[in-house]
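Inside the fold
Single-letter residue listing:
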Amino acid sequence: MTWVRTKLELERMGAGEALEVRCRPGEALENVPRSARAAGHRVSVQGTTIRIVRRA
Amino acid sequence: MSDNSRRGFFRELASVVNSAKDATEPTPSVPLPGDLTDAEIERYSRQLVLPEWGAAAQLALAEASVLVIGAGALGGPVSLYLAGAGVGRMGIVDDDAVELSNLHRQPLHFTPDVGVPKAESAAAKLRFLNPDALIEPYQVRVEAANAPALVEGQSLVVDCSDSFATRYAVNAACCAARVPLVEAGVLGMSGMVMSIKPGRTACYRCAFPAAPTDAPSCADAGVLGPAAGVIGSLQAMEALKLLTGVAPAITGAFLQVDLATAELLRVRVSRRADCPDCSAL
């Protein structure tokens with residue numbers, strides 16, 4: 001569900017804006033970066049914080 | 001629903017950072033017409049996650065009013081999928097009562113429903129499926145005289161009737177009111193589906209100017225349940241595409257489906273200059 005909520009939030013943002021998602025260790029920490037990259041966004045992960053820069 | 005409850009998850013879990021250094025030329029956010037509740041996000045999560053789908057498509061469905069004509073073999077899967085997908089308001093029109101011979105192909109009706117008006121039986125199941133959807137049963141037969149009033153104000157009509165007279169009446173009413181329409185028919189192990197944007201694409205009468213004189217009914221020729229399920233599912237898919245715009249609908253053509261050979265044939269149809277239903281649009 002974390003990726004769904006992240007995707008909805010990204011829809012509201014402009015290209016180049018960044019979203020930080022803090023996850024507990026677990027499945028979402030693996031799924032969210034993978035799904036975000038697959039959707040074409042730039043992704044970096046530091047610890048439990050995922051930073052996603054919205055694609056154009 | 002307050003903003004707090006709508007966006008509580010992100011208040012705790014995430015923060016939006018306007019990052020000028022990441023954006024060579026930042027573009028403004030596109031405002032959405034509203035927010036989805038937490039329950040809506042969970043209920044519709046498997047479609048919201050689709051790349052083609054999103055909050056805008058979901059909210060378009062929530063605001064839509066769809067008339068489903070017929071609560072039988074096609075109307076069952078159509079109304080199930082549309083209610084499940086989140087169509088906000090749906091009218092279900094059928095003047096028949098459930099018969100034992102319906103049950104092999106009409107998934108909204110169960111054995112204890114025999115004798116119950118189909119519109120009521122369908123509405124009861126659909127309300128269980130999605131309590132957020134407003135379901136309005138109409139126990140009437142659609143005819144040329146009442147079709148315009150039923151169609152008026154709808155976002156979309158899905159014709160799941162089993163009568164050529166009804167199809168022509170619905171097509172004429174939808175054309176006159178410029179309400180998009182999804183037509184379909186099923187018999188034996190085959191069927192067809194066609195989407196219509198009145199005034200812009202060929203209508204049902206453009207494709208079929210006159211009813212066949214010797215067309216058998218399901219009672220005469222038979223029909224397999226899964227064939228009706230496939231055609232009804234295609235109709236529901238067309239309805240979702242027309243309501244949200246997430247993919248192009250089958251317009252200017254009809255899709256012929258042969259389930260016996262598993263073959264699909266897309267037949268192009270042009271608007272007719274002499275069509276009595278849509279040529280004046």
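Notes on the structure in this doc start here. (Residues numbered from 1 in each chain as written. Chains lettered and ligands numbered in written order. Predicted model: local features only at pLDDT ≥ 70, side-chain atom pairs only at ≥ 80, totals over all residues. Heavy atoms only, no water.)

1. Some points on the overall build of chain A
Each helix and strand counted, chain A has 2 helices and 3 strands in total. Element order for chain A, N to C, with α for helix and β for strand: α-β-α-β-β. When the backbone C-alpha atoms are referred to their principal axes, chain A occupies close to 30 × 20 × 15 Å. When each of the 56 residues of chain A is scored for burial, the buried share is 48%. Carbon and sulfur atoms form 45% of the exposed surface of chain A, whose accessible area is close to 2800 Å². Seen as two clouds, the 11 positive and the 6 negative side-chain charges of chain A have centres 2 Å apart. (Helix = DSSP H or I, 4+ residues; strand = E, 2+ residues; numbered from the N terminus. Buried < 20%, exposed > 50% of the residue type's maximum accessible area, 1.4 Å probe, protein only. Areas by Shrake-Rupley, 256 points an atom, 1.4 Å probe, with all protein chains shown as cover. Lys, Arg positive; Asp, Glu negative; His and termini not counted. Charge placed at Lys NZ, Arg CZ, Asp CG, Glu CD.)

2. Topic: the nonpolar core
Core analysis: the biggest nonpolar cluster contains 49 residues, and Val66, Leu82, Met90, Ile92 and Val158 of chain B have the highest contact counts within it. Those residues in contact with Val158 of chain B that sit more than four places away from it in its chain are Val66, Leu67, Val68, Ile69, Val78, Leu82, Val182, Gln235 and Ala239 of chain B. (Core = buried A, V, L, I, M, F, W, Y, C linked by side-chain atoms within 4.5 Å. Contact = heavy atoms within 4.5 Å.)

3. Examining unusual backbone geometry
Residue and element names in this part refer to chain B. Despite not being glycine, Arg178 shows a phi value in the positive range, around 55 degrees. Residue placement: Arg178 occurs in the loop between α9 (164-177) and β6 (181-187). At Ala262, a residue that is not glycine, the phi angle is positive and equals roughly 60 degrees. You can see Ala262 is positioned in the loop between β8 (253-258) and β9 (263-268).

4. Observations concerning the packing of helix α6 (residues 75-85) of chain B against helix α12 (residues 225-244) of chain B
Residue and element names in this part refer to chain B. Two numbers describe how α6 lies on α12: the axes approach to 8 Å, and their chain directions differ by 40 degrees. What the angle tells us is that α6 and α12 run oblique. Like other packed secondary-structure pairs, α6 and α12 cross with a definite hand, here right-handed. Here Pro77, Val78, Tyr81, Leu82 and Ala85 of α6 lie close against α12, whose contacting residues are Ala228, Gly229, Gly232, Ser233, Gln235, Ala236, Ala239 and Leu240. Partitioned by chemical class, the residues of the contact of α6 with α12 number 9 nonpolar, 4 polar and no charged. (Axes fitted to C-alpha atoms, helices over the stretch in contact; angles between N-to-C directions. Parallel < 35°, antiparallel > 145°, perpendicular 65-115°, else oblique. Left-handed = near helix turned anticlockwise from the far one by under 90°. Nonpolar A, V, L, I, M, F, W, Y, C, P; charged D, E, K, R; others polar.)

5. Structural notes on helix α1 (residues 2-11) of chain A
The buried fraction of α1 of chain A amounts to 9 of the 10 residues, a majority that puts the element mostly inside the structure. Three or more residues of α1 of chain A are buried, namely Thr2, Trp3, Val4, Arg5, Thr6, Lys7, Leu8, Glu9 and Leu10 of chain A.

6. Notes on a nonpolar patch on the surface
Residues and elements named next belong to chain B. A surface patch of nonpolar side chains, amounting to about 300 Å² of accessible area, comprises Met189, Leu224, Val230 and Leu259. Along the chain, Met189 turns up in the loop between β6 and β7 (190-196). By relative accessible area, which is 42% here, Met189 ends up partly exposed. (Patch = residues over 30% accessible without salt bridge, like charges linked within 9 Å, V, L, I, M, F, W, Y side chains within 5 Å. Salt bridge = Lys/Arg side-chain N within 4 Å of Asp/Glu carboxyl O.)

7. With respect to the pairing of strand β3 (residues 49-53) of chain A
Residues and elements named next belong to chain A. Summarising the sheet, strand β1 (residues 18-22) and β3 pair through 5 bridges and their orientation is antiparallel. Its bridge partner being in β3, Ala18 is matched across the sheet by Val53. What sits between the antiparallel neighbours strand β2 (residues 42-46) and β3 is a turn of 2 residues, in which Gly47 has the positive phi angle 65 degrees. (Pairing = 2+ DSSP bridges.)

8. Quick word on the pairing of β2 of chain A
Note that β2 of chain A and β3 of chain A share 5 bridges and pair antiparallel. When the sheet's bridge partners are listed, Val43 of chain A is paired in β3 of chain A with Ile52 of chain A.

9. Brief notes about the side chain of Asp94 of chain B
Residue and element names in this part refer to chain B. By the element assignment, Asp94 lies in the loop between β3 (89-93) and α7 (118-129). Buried within the structure, Asp94 lacks any salt-bridge partner; Lys118 is the closest side chain of opposite charge, at an N-O distance of 4.7 Å. Only 2.8 Å separates the side chain of Asp94 from the backbone nitrogen of Ala71, close enough to count as a polar contact. Within the local environment of Asp94, its side chain forms a polar contact with the backbone nitrogen of Asp96, the two atoms lying 2.8 Å apart. Filtering out sequence-adjacent residues up to four positions away, Asp94 remains in contact with Gly70, Ala71, Gly72, Lys118, Ala119, Tyr138, Gln139 and Val140. (Polar contact = N/O pair within 3.5 Å; in protein donor to acceptor, adjacent residues only side chain to side chain.)

10. Points about the pattern of salt bridges
Residue and element names in this part refer to chain B. Applying the stated rule across the entire model yields 10 salt bridges over all chains. Among the ionic pairs, Arg89 bridges to Glu136, the shortest N-O distance being 3.2 Å. Of this pair, Arg89 sits in strand β3 while Glu136 sits in strand β4 (residues 134-138), placing them 47 residues apart in sequence. The residue Arg141 makes a salt bridge to Asp95 at a minimum N-O spacing of 3.4 Å. Taken together, the residues Arg141 in the loop between β4 and α8 (147-151) and Asp95 in the loop between β3 and α7 connect sequence positions 46 residues apart.

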